[in-house]
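Structural overview for review
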Amino acid sequence: MTYDFNITFDDNLLTGNRTIDAQHKELIERIRNFVVACQNGDSKVKAIKMLDYLDEYTDFHFKEEEALQEKAGYPERDRHHEKHEEFKKTIQELHEYLRDSEGPTEQFSELVQKNVVDWLFGHIKTFDRSVAEFIFIRENPDRI
Ligand SMILES: [Fe+2]
């Protein structure tokens, strides 16, 4: 079975916060590169390298997003932080899975689709959108 991964940033994923949206574009790009490396049957080393790039940017982005929340006094930060930790744990688990296997398999791709792609898209449309809205209202009190 081949998966029709549609891992591109489109308007459905916009939150309205420019910083967050720009970082999501980069994050999704790195996810796509990782998935492509897995699908092409590239070497395990290449897949791990792409996962490392993804991991690196995930850390950067989550820190930035959490700093924005802190600065704005966003009330749901703890719950949001927990979600970010959940995703970081997933990346860690994928890393271990890859390391201990012969390379990316079909089952692995399913895991990536569910726990990385679907998870992130869902997170952006709910958790991140709510952050962006809160920041917008904070910064534009007269526009509502
Ligand atoms: Fe987030």
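To be clear, the structure that these remarks concern was listed above.
Residues numbered from 1 in each chain as written. Predicted model: local features only at pLDDT ≥ 70, side-chain atom pairs only at ≥ 80, totals over all residues. Heavy atoms only, no water.

**Notes on the coordination of the iron ion**
At 2.1 to 2.3 Å from the iron ion lie its protein donor atoms, namely Glu65 (OE), His80 (NE2), His84 (NE2), His123 (NE2) and Asp128 (OD). All donors of the iron ion come from a single chain, and their spacing in sequence reads E-x14-H-x3-H-x38-H-x4-D. Of this pair, Glu65 sits in helix α2 (residues 44-72) while His80 sits in helix α3 (residues 77-100); the two residues are 15 residues apart in sequence, bridging distant segments of the chain. No difference in accessibility class separates Glu65 from His80, as the two residues are buried. (Donors = N, O, S within 2.8 Å, 3.2 Å for Na, K, Ca; no water. Helix = DSSP H or I, 4+ residues; strand = E, 2+ residues; numbered from the N terminus. Buried < 20%, exposed > 50% of the residue type's maximum accessible area, 1.4 Å probe, protein only.)

**Some words on the packing of helix α1 (residues 18-39) against α2**
Two elements in contact, α1 and α2, have axes separated by 9 Å at closest approach and are oriented at 165°. With respect to their mutual orientation, α1 and α2 come out roughly antiparallel. Crossing geometry of α1 relative to α2 is assigned as left-handed. (Axes fitted to C-alpha atoms, helices over the stretch in contact; angles between N-to-C directions. Parallel < 35°, antiparallel > 145°, perpendicular 65-115°, else oblique. Left-handed = near helix turned anticlockwise from the far one by under 90°.)

**Quick word on the side chain of Thr15**
Along the chain, the position of Thr15 falls in the segment before α1. Within the structure, Thr15 has its side chain in polar contact with the backbone nitrogen of Asn17 (distance 3.1 Å). Polar side-chain contacts of Thr15 include one of 2.8 Å to the side chain of Asp21. Excluding residues that lie within four positions of it along the chain, Thr15 makes contacts with Ile20, Asp21, His24, Ile124, Asp128, Arg129 and Ala132. (Polar contact = N/O pair within 3.5 Å; in protein donor to acceptor, adjacent residues only side chain to side chain. Contact = heavy atoms within 4.5 Å.)

**A few points about α1**
Over its 22 residues, α1 runs 31 Å from end to end, which matches the ideal 32 Å to within 8%, given 1.5 Å per residue. Of all the residues in α1, the buried ones are Ile20, Asp21, Gln23, His24, Leu27, Ile28, Arg30, Ile31, Phe34, Val35, Ala37 and Cys38. A distance of 3.1 Å separates the backbone nitrogen of Thr19 from a side-chain oxygen at the start of α1, and that oxygen is part of Asn17. The first or second residue beyond α1 is Gly41, which carries a positive phi of 65°. (Expected span 1.5 Å × (residues − 1).)

**Some points on the pattern of salt bridges**
In total, this model carries nine salt bridges according to the counting rule given. With a closest N to O distance of 2.8 Å, Glu26 and Arg30 form a salt bridge. Of this pair, Glu26 and Arg30 both sit in helix α1, four residues apart, which is roughly one turn of the helix. A relative accessible area of 18% means that Arg30 is categorised as buried. The partner of Glu93 in a salt bridge is Lys89, with the nearest N and O atoms 3.6 Å apart. Pair noted here: Glu93 and Lys89 are both in helix α3, with a separation of four residues, about one helical turn. Lys89 sits in the exposed class, given a relative accessible area of 54%. Sharing partners across several salt bridges, the network here consists of Glu26, Arg30 and Glu56. (Salt bridge = Lys/Arg side-chain N within 4 Å of Asp/Glu carboxyl O.)

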